Amino acid sequence: MSRWLPFSCVDGPGNRLVLFLQGCNFACPGCHNPHTIGLCDHCGDCVPGCPSGALTLHEGRVSWQAARCTDCDACLDLCPRSASPKTAAMTVAEVLALLRRYGPLLSGITVSGGEATTQLPFVIALFTAIKGAADLAHLDCLLDSNGSLAEAGWQRLLPVLDGAMIDLKGWGDSVHHMLAGYGRERVLASLQLLAQAGKLAEVRLLQVPGQSDYLVADGTLEGGLAAFLRALGPVPIRLNGFRHHGVRGAAQGWPEATREELEQLAAALAVAGLGPVSLPPLL
């Protein structure tokens, strides 16, 4: 577990408890949370760089003392694996206890990442337990995912999943690969499968100026993309604009998306008869 939030209104509808799981199988150069990509291998490189002494190496394992941590994030900058030593293991029972603590104020739970489906058995066990608990069954269970899960995995998850929010980083395979370090085919298959099952809660498009390929030269939506999204049915589409916050490497030199660019993309989607479309509340 990378971290958890007791309340969020941006990770799905309503007020939600959100779990951010550690580990991701994509390598997006523009990732805003790059410290959630890797898994700590306890190399110890981060320990001497911790100014508060919150990290120690004992018997080959890095230990984090939350009480001494000042959240300076020096350890995140030092890690060669884009991992965080500030993670914790949580059981299904512990998450259920959190839900019972905050439940009267919650609409549901969202499991995010990293990439949540890299810990698929835990997600299935958690959602199954929620659905089976009389005092929690009113909470809906959503997943925030990059869409890389194979069909067999989705079929295991679908019975206890209320909806998934899926990122489509780029339309052309080469663009998607450049922006995610991974091809688009598994993502497209996931979108189609979830739409057919009635559990595609949202498609998310990331606008990166000079990189994204959702629009053609005349400002209209790329034809293949329009046809693909139309075939999914009336699915909500959320637009996200690239920002520099948290990114590393070459992506720090990419221009940030403007409100005008996102509004142009939203207009093109509307002209194509797609949506509803939502934009970030702040940009």
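Our subject in this report is the structure included herewith. (Residues numbered from 1 in each chain as written. Predicted model: local features only at pLDDT ≥ 70, side-chain atom pairs only at ≥ 80, totals over all residues. Heavy atoms only, no water.)

## A closer look at the overall build of the chain
Scanning the chain for helices and strands turns up 8 helices and 10 strands. Compactness check: the chain gives a C-alpha radius of gyration of 20 Å against a globular reference of 19 Å for 283 residues, within 12% of the reference. C-alpha extents for the chain along the principal axes are approximately 60 × 50 × 35 Å. Relative to its 283 residues, the chain shows a buried fraction of 50%. The contacts of the chain with a sequence gap of at least 6 include a subset with a gap of at least 24, amounting to 64%. In the structure as shown, the chain presents an accessible area of about 12,800 Å², 55% of it carried by carbon and sulfur atoms. For the chain, the centre of its 20 positive side-chain charges and the centre of its 25 negative side-chain charges are spaced 6 Å apart. (Helix = DSSP H or I, 4+ residues; strand = E, 2+ residues; numbered from the N terminus. Rg over C-alpha atoms; globule rule 2.2 N^0.38 Å. Buried < 20%, exposed > 50% of the residue type's maximum accessible area, 1.4 Å probe, protein only. Contact = heavy atoms within 4.5 Å. Areas by Shrake-Rupley, 256 points an atom, 1.4 Å probe, with all protein chains shown as cover. Lys, Arg positive; Asp, Glu negative; His and termini not counted. Charge placed at Lys NZ, Arg CZ, Asp CG, Glu CD.)

## Here's the deal with the side chain of glutamate 202
Mapped onto the secondary structure, glutamate 202 falls in strand β8 (residues 200–207). Excluding residues that lie within four positions of it along the chain, glutamate 202 makes contacts with Ala164, Met165, Ile166, Val235, Pro236 and Arg238.

## Quick word on the layout of surface pockets
In this structure, the largest pocket encloses a volume near 1,400 Å³. Cys31, His32, Asn33, Arg204 and Asn240 are the residues nearest the centre of the largest pocket, which is lined by 46 residues in total. Elements with a minimum of two residues in the lining of the largest pocket: α1 (74–78), β6 (140–145), β7 (163–168), β8 and β9 (237–241). In the lining of the largest pocket, the residues fall into 20 nonpolar, 14 polar and 12 charged. Mapping the lining of the largest pocket onto the domain boundaries places at least three of its residues in each of domain 1 (3–33 + 87–278) and domain 2 (41–78). (1 Å grid on protein atoms, 1.4 Å probe; cavity = no way out; pocket = protein on both sides within 12 Å on 5 of 7 lines; lining within 4 Å. Points joined across faces, edges and corners; volume = space filled by probe spheres on them. Nonpolar A, V, L, I, M, F, W, Y, C, P; charged D, E, K, R; others polar. Domains from an automatic or database assignment.)

## Looking at helix α6 (residues 185–196)
The first and last C-alpha atoms of α6 sit 17 Å apart over 12 residues, in line with the 16 Å expected at 1.5 Å per residue. Along α6, the positions that sit buried rather than exposed are Val187, Leu188, Ser190, Leu191, Leu193 and Leu194. Looking at the buried positions of α6, the neighbouring elements they touch are α4 (151–157), β7, α5 (173–180), β8 and α7 (223–232). Among the residues trailing α6, glycine 198 stands out with phi positive, at a value near 70 degrees. (Expected span 1.5 Å × (residues − 1).)

## So, empty space enclosed by the protein
Empty pockets left among the atoms are what a rolling probe the size of a water molecule brings to light. Going through the model one piece at a time under the given rule, you end up with 4 cavities of 30 Å³ or more. In this structure, the largest cavity spans a volume of roughly 90 Å³. Lining the largest cavity are Cys40, Asp41, Cys43, Gly44, Asp45, Cys46, Cys79, Pro80, Arg81, Ala83, Ser84 and Pro85. Class assignment for the residues of the lining of the largest cavity results in 7 nonpolar, 2 polar and 3 charged. Estimated volume of the second largest cavity: approximately 70 Å³. In terms of lining, the second largest cavity is formed by 13 residues, of which the most central are Cys50, Cys69, Cys72, Asp73 and Cys75. A breakdown of the residues in the lining of the second largest cavity according to their chemical character gives 8 nonpolar, 2 polar and 3 charged.

## Side note on the sheet that holds β9
Ordered in space as β1-β2-β5-β6-β7-β8-β9-β10, the 8 strands form an open sheet in which the pairing is mixed. At either end of the open sheet lies a strand with only one pairing partner, and these are β1 (3–8) and β10 (277–278). Of the strand pairs in this sheet, β6 and β7 are connected by 4 bridges, and their pairing is parallel. What sits directly across from serine 145, in β7, is isoleucine 166. (Pairing = 2+ DSSP bridges.)

## A word on the nonpolar core
Formed by 65 residues in total, the largest nonpolar core has its most connected members in Leu19, Leu99, Ile109, Leu126, Phe127, Trp154 and Leu157. Beyond its immediate sequence surroundings of up to four residues, leucine 19 is in contact with Met1, Arg3, Trp4, Val95, Ile109, Thr110, Val111, Ser112, Phe122 and Leu126. Counting residues in each nonpolar core, the second largest holds 9 residues, with Cys46, Cys69, Cys75 and Leu76 among its members. (Core = buried A, V, L, I, M, F, W, Y, C linked by side-chain atoms within 4.5 Å.)

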